[in-house]
Amino acid sequence: AGRSAMKHLAVYMLLKLGGNESPTAEDVTKALEAVGIEADSETLSMMMTELEGKSVEDLMTLGRAKLAKFGSGGGGGGGGGAAAGGGEAGEAAAEEK
């Protein structure tokens with residue numbers, strides 16, 4: 001149910017960001033069906049109740065607070081930046097020899 005709920009929420013947020021100030025359960029269902037996903041009416045009903053009256057900004061703030069519980073973790077680095085300059089650095093070093 002977790003993945004299903006995330007899909008429902010993602011569609012809801014996209015509808016809001018796309019200009020629909022208050023998407024309905026029917027709007028979310030239609031959008032999901034447009035991409036071949038069957039809406040889960042129970043999940044959708046619970047989600048719509050929880051989201052009622054909240055702005056995108058409110059939802060993002062709540063989401064950040066929930067993500068903060070997981071910590072920032074480590075993991076993937078941003079290595080490889082030194083090679084971004086192309087071949088110029090290597091050419092300059094070869095010319096100095």
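In this text the structure is predicted, and so the values were computed from the model without any measurement.

Visitor: Explain the environment of Ala 39 here, please?
Guide: With respect to the helices and strands, Ala 39 occurs in the loop between α2 (25-34) and α3 (41-51). Here the alpha-carbon distance between Ala 39 and Thr 29, two residues ten residues apart in the chain, equals 5.5 Å. Look past the residues within four positions of Ala 39 in its chain and what remains in contact with it is His 8, Thr 29 and Leu 32.

Visitor: Sorry if this is basic, but what is going on with the nonpolar core here?
Guide: It is characteristic of soluble globular proteins that their nonpolar side chains tend to be buried jointly. Counting residues in hydrophobic clusters, the biggest one holds eleven residues: Val 11, Tyr 12, Met 13, Val 28, Leu 32, Leu 44, Met 47, Met 48, Leu 51, Val 56 and Leu 59. Counting only elements with at least two residues in this core, the list comes to α1 (2-17), α2, α3 and α4 (56-68). In contact with Val 28, not counting residues within four places along its chain, are His 8, Val 11, Tyr 12, Leu 15 and Leu 44.

Visitor: Would you mind showing me how to read the environment of Leu 17 here?
Guide: Assignment of secondary structure puts Leu 17 in helix α1. On the basis of relative accessible area, Leu 17 is assigned to the exposed category, the value being 61%. With 39 residues separating them along the chain, Leu 17 and Val 56 place their C-alpha atoms 7.7 Å apart.

Visitor: Sorry, what's going on with the side chain of Lys 16 here?
Guide: Mapped onto the fold, Lys 16 is located in helix α1. Despite its burial, Lys 16 pairs with no opposite charge, the nearest such side chain being Glu 21 at 7.3 Å. Sequence-distant contacts of Lys 16, that is, excluding residues within four places in its chain, are made with Glu 21, Pro 23, Lys 54, Ser 55 and Val 56.

Visitor: It is not clear to me how the pattern of salt bridges should be interpreted in this structure. Could you clarify?
Guide: Side chains that differ in sign of charge can pair as their charged atoms come close. Evaluated as defined, the whole model comprises one salt bridge. Of the charged contacts, one joins Glu 26 and Lys 30 as a salt bridge, the two residues approaching to 3.2 Å between their closest N and O atoms. A residue pair is termed a helical-turn pair when its members lie 3 or 4 positions apart in one helix, as Glu 26 and Lys 30 do in helix α2 at four residues.

Visitor: Would you take a moment to explain the packing of α1 against α4 for this structure?
Guide: Packed helices, taken two at a time, are described by the angle between their axes plus the distance between the axes. Put simply, α1 and α4 touch, their axes get as near as 11 Å, and they point 140° apart. With respect to α4, the axis of α1 lies oblique. Within the contact between the two elements, α1 uses Tyr 12, Met 13, Lys 16 and Leu 17 and α4 uses Val 56, Leu 59 and Met 60. In terms of residue class, the contact of α1 with α4 is made up of six nonpolar, no polar and one charged.

Definitions and cut-offs
Residues numbered from 1 in each chain as written. Predicted model: local features only at pLDDT ≥ 70, side-chain atom pairs only at ≥ 80, totals over all residues. Heavy atoms only, no water. Helix = DSSP H or I, 4+ residues; strand = E, 2+ residues; numbered from the N terminus. Contact = heavy atoms within 4.5 Å. Core = buried A, V, L, I, M, F, W, Y, C linked by side-chain atoms within 4.5 Å. Buried < 20%, exposed > 50% of the residue type's maximum accessible area, 1.4 Å probe, protein only. Lys, Arg positive; Asp, Glu negative; His and termini not counted. Salt bridge = Lys/Arg side-chain N within 4 Å of Asp/Glu carboxyl O. Axes fitted to C-alpha atoms, helices over the stretch in contact; angles between N-to-C directions. Parallel < 35°, antiparallel > 145°, perpendicular 65-115°, else oblique. Nonpolar A, V, L, I, M, F, W, Y, C, P; charged D, E, K, R; others polar.

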